[in-house]
Amino acid sequence: MDIATTPTGTLRYWAAAKAAAATAEEPYRARTLAEALTHARSRHADAPRFAEVLGYCSFVVDGRPVGDRDHRTILLSDRGTVEALPPFAGG
């Protein structure tokens, strides 16, 4: 992988994901959503709850819901944003 051309952006965590990551956001350097999430899990390997929470999050990439699409097929943009949204009650 050519790191100079790999997209960078921001991962934003909400609710339980934010609590498990102990941060509201952090940078990504990845070509796909799957790759970005793998790096994030590795970064938070000392917080097992983080990986669990990501497992049931919904994701929005650059304002578009990912839904049930394979995360390996979701290409990330440079200076993009990935939102990790765990289910929550309320409205």
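Residues numbered from 1 in each chain as written. Predicted model: local features only at pLDDT ≥ 70, side-chain atom pairs only at ≥ 80, totals over all residues. Heavy atoms only, no water.

Caption draft 1: Spatial organisation of the overall build of the protein chain. The helix and strand tally for the protein chain stands at 3 helices and 5 strands. Along the chain direction, N to C, the helices and strands of the protein chain fall in the order β-α-β-α-α-β-β-β. Taking 12 Å as the expected radius of gyration for a compact globule of 91 residues, we find that the protein chain reaches 12 Å, a close match to that expectation. Judged by the C-alpha coordinates and their principal axes, the protein chain covers about 40 × 30 × 20 Å. Looking at the protein chain residue by residue over its 91 residues, the buried ones come to 38%. Carbon and sulfur atoms form 55% of the exposed surface of the protein chain, whose accessible area is close to 5500 Å². Here the protein chain holds 11 positive side-chain charges and 11 negative ones, and the gap between their average locations is 2 Å. (Helix = DSSP H or I, 4+ residues; strand = E, 2+ residues; numbered from the N terminus. Rg over C-alpha atoms; globule rule 2.2 N^0.38 Å. Buried < 20%, exposed > 50% of the residue type's maximum accessible area, 1.4 Å probe, protein only. Areas by Shrake-Rupley, 256 points an atom, 1.4 Å probe, with all protein chains shown as cover. Lys, Arg positive; Asp, Glu negative; His and termini not counted. Charge placed at Lys NZ, Arg CZ, Asp CG, Glu CD.)

Caption draft 2: Fine view of the environment of Thr8. For Thr8, the position within the fold is in strand β1 (residues 8–13). Overall, Thr8 belongs to the partly exposed group, its relative accessible area being 25%. The spacing of Thr8 and Ser77 is 69 residues in sequence and 7.3 Å in space, taken between C-alpha atoms. Excluding its chain neighbours within four sequence positions, the residues that come into contact with Thr8 are Tyr28, Arg29, Ser77, Asp78, Arg79 and Gly80. (Contact = heavy atoms within 4.5 Å.)

Caption draft 3: Quick look at the packing of aromatic side chains. Applying the stated criterion across every chain, the model contains 1 aromatic pair. Ring centres of Tyr13 and Phe50 lie 5.4 Å apart, and the angle between their planes is 90°; on these two criteria the pair is classed as edge-to-face. With Tyr13 in strand β1 and Phe50 in helix α3 (residues 48–55), this pair connects stretches of sequence that are 37 residues apart. Overall, the relative accessible area of 2% leaves Tyr13 in the buried class. Phe50 sits in the buried class, given a relative accessible area of 1%. (Phe/Tyr/Trp six-rings, centres within 6.5 Å; stacked < 30°, edge-to-face > 60°.)

Caption draft 4: Focus on the nonpolar core. Counting residues in each nonpolar core, the largest one holds 22 residues, and the members touching the most others are Tyr13, Leu33, Phe59, Leu76 and Val82. In terms of residues, this core owes the most to one element, helix α2 (residues 33–43), which gives 4 residues. Apart from the residues within four sequence positions on either side, Tyr13 is in contact with Lys18, Ala21, Thr23, Ala24, Glu25, Glu26, Ala40, His44, Phe50 and Ala84. (Core = buried A, V, L, I, M, F, W, Y, C linked by side-chain atoms within 4.5 Å.)

Caption draft 5: Looking closely at α2. Turning to α2, its buried residues number three or more, namely Leu33, Ala34, Glu35, Ala36, Leu37 and Ala40. Packing partners of the buried residues in α2 comprise β1, β2 (25–29), α3, β3 (58–61) and β5 (80–85).

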